[in-house]
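Each chain, written out:
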Amino acid sequence: MAHNGEHAEQCIKLVPIFQTLSDAERAEIAPLVQHRHFTVGESLFAAGDVVESLMIVAHGQVKITQIAANGKEQLLYLLNPGDFDGEAALFTASTRQNFGTALAATDVCMIRRQDFQKQLKVSPQLALNILNAFGQRLANVAEQSTQATTASIEERLANYLLETAGDTADDFKLPMKKKDIASYLGTTPETISRKFREFTDDGLIEKLAVNRFRILDADGLALVE
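In what follows, the accompanying structure is described. (Residues numbered from 1 in each chain as written. Predicted model: local features only at pLDDT ≥ 70, side-chain atom pairs only at ≥ 80, totals over all residues. Heavy atoms only, no water.)

Details of unusual backbone geometry
1) Next: Positive phi values are uncommon outside glycine, yet Asn 211 reaches one of about 65°.
2) Next: Considering the arrangement of structural elements, one finds Asn 211 in the loop between strand E12 (205-209) and strand E13 (212-215). (Helix = DSSP H or I, 4+ residues; strand = E, 2+ residues; numbered from the N terminus.)

This is the structure we're talking about:
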């Protein structure tokens, strides 16, 4: 098992906001990073929790959900390795508006607000990186919203599979049931099952077991429209 120092180095290497810092600046941040591990299905946080730290996903996958007006869980977005959440905590005290749940064994790194703010004062590059990251996140939200209304179900499913497989395209397990994937992508479970069959027939993916797949043609999936 990796030591906290090793986990800190892994997180710093993963997250774009740290990658352009100097070696000296990264060395100063490493001691501020705290590591936590979550098992499948474990809650990382819930609505109403006080947000005190920036949370960085080092390994695994996290679903961010909210409870809709009808009382059902609604999937908002997924966090994959290198993604971060709780950035509002870096600047002001706040509470969670949604829920975070581990879809796989997940390692996260946490940096407390007071520690991060001290680092911002001595690292202008880090402050600039944070602003750029916020801008990119807003752009990503806008793109996701546009895709939800303009992209085909095939394209959305292909992108989801590529994102979920990540670097483990040889053999990966779907972390969500097909009905949840359907809800996330804005379609029906029947349509999702049909598209899985079509992707299999087209030689893009291979079904290995229940909810376990292998991507055979990543380039082909990326070109699905």
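Remarks on the packing of helix H7 (residues 178-185) against helix H8 (residues 189-201)
1) Next: Between H7 and H8, the shortest axis-to-axis distance is 8 Å and the interhelical angle comes to 100°. Between H7 and H8, the interaxial angle falls into the category roughly perpendicular. For the pair formed by H7 and H8, the contact residues are Lys 178, Lys 179, Ile 181, Ala 182 and Leu 185 on the first element and Pro 189, Ile 192, Ser 193 and Phe 196 on the second.
2) Next: When its residues are assigned to classes, the contact of H7 with H8 shows six nonpolar, one polar and two charged. (Axes fitted to C-alpha atoms, helices over the stretch in contact; angles between N-to-C directions. Parallel < 35°, antiparallel > 145°, perpendicular 65-115°, else oblique. Contact = heavy atoms within 4.5 Å. Nonpolar A, V, L, I, M, F, W, Y, C, P; charged D, E, K, R; others polar.)

A few points about the pairing of E12
1) Next: Pairing of E12 with E13 involves four bridges; the strand directions are antiparallel. Within E13, the residue paired with Lys 207 across the bridge is Phe 213.
2) Next: What sits between the antiparallel neighbours E12 and E13 is a turn of two residues, in which Asn 211 has the positive phi angle 65°. (Pairing = 2+ DSSP bridges.)

Remarks on H8
1) Next: Relative to the 18 Å expected for 13 residues at 1.5 Å per residue, H8 spans 18 Å between its end C-alpha atoms, a close match to the ideal helical length.
2) Next: When H8 is considered as a whole, its buried residues turn out to be Thr 191, Ile 192, Lys 195, Phe 196 and Phe 199. The arc that holds every buried residue of H8, seen down its axis, measures 140°, which confines them to one face. Away from its buried face by more than 90 degrees, H8 exposes Glu 190 and Asp 201.
3) Next: Looking at the buried positions of H8, the neighbouring elements they touch are helix H6 (153-165), H7, E12, E13 and helix H9 (218-222).
4) Next: One or two positions beyond H8, positive phi appears at Gly 203, with a value near 80°. (Expected span 1.5 Å × (residues − 1). Buried < 20%, exposed > 50% of the residue type's maximum accessible area, 1.4 Å probe, protein only. Arc of directions from axis to C-beta.)

Section: helix H4 (residues 113-122)
1) Next: The complete set of buried residues in H4 reads Asp 115, Phe 116, Gln 119 and Leu 120. Projected down its long axis, H4 shows its buried positions confined to an angular sector of 140°, all on one face. Opposite the buried face of H4, at more than 90 degrees from it, the exposed residues are Lys 118, Lys 121 and Val 122.

Topic: the packing of aromatic side chains
Pairs of aromatic rings are described using the distance from one ring centre to the other and the angle between the two planes.
1) Next: Taken as a whole, this structure holds two aromatic pairs when the rule is applied.
2) Next: Judged by centre distance (6.1 Å) and plane angle (65°), the ring pair of Tyr 160 and Tyr 184 falls under edge-to-face. Placement of Tyr 160 in helix H6 and of Tyr 184 in helix H7 is noted, with a sequence separation of 24 residues between them. Residue Tyr 160 shares its accessibility class with Tyr 184, and that shared class is buried.
3) Next: Here the basic side chain of Arg 96 rests over the ring of Phe 45, its NZ or CZ set 3.7 Å away from the ring centre.
4) Next: Sitting over the face of the ring of Phe 196, Lys 178 holds its NZ or CZ atom 4.7 Å from the ring centroid. (Phe/Tyr/Trp six-rings, centres within 6.5 Å; stacked < 30°, edge-to-face > 60°. Lys NZ or Arg CZ within 6 Å of the ring centre and 35° of its normal.)

Points about the pattern of salt bridges
1) Next: Counted by the stated rule, this structure contains eight salt bridges.
2) Next: Here Glu 154 and Lys 195 are joined by a salt bridge, their closest N and O atoms 2.6 Å apart. With Glu 154 in helix H6 and Lys 195 in helix H8, this residue pair connects regions lying 41 residues apart in the sequence.
3) Next: Residue Glu 154 is classed as partly exposed on the basis of its relative accessible area, which comes to 22%.
4) Next: In this structure, Arg 212 engages Asp 171 in a salt bridge whose closest nitrogen and oxygen atoms are separated by 3.1 Å. On the criterion of sequence distance, the pair formed by Arg 212 in strand E13 and Asp 171 in the loop between H6 and strand E11 (172-173) is long-range, its members being 41 residues apart.
5) Next: Where salt bridges share partners, they join Glu 154, Lys 195 and Glu 198 into one cluster. (Salt bridge = Lys/Arg side-chain N within 4 Å of Asp/Glu carboxyl O.)

Concerning the packing of H6 against H8
1) Next: Packing of H6 against H8 brings their axes to within 11 Å, and their N-to-C directions diverge by 75°. When the axis of H6 is compared with that of H8, the two are roughly perpendicular. In contact with Ile 153, Glu 154, Leu 157, Ala 158 and Leu 161 of H6, H8 contributes Thr 191, Ile 192, Lys 195, Phe 196 and Phe 199.

Interpretation note: all reported values are geometric properties and have no functional meaning in isolation.
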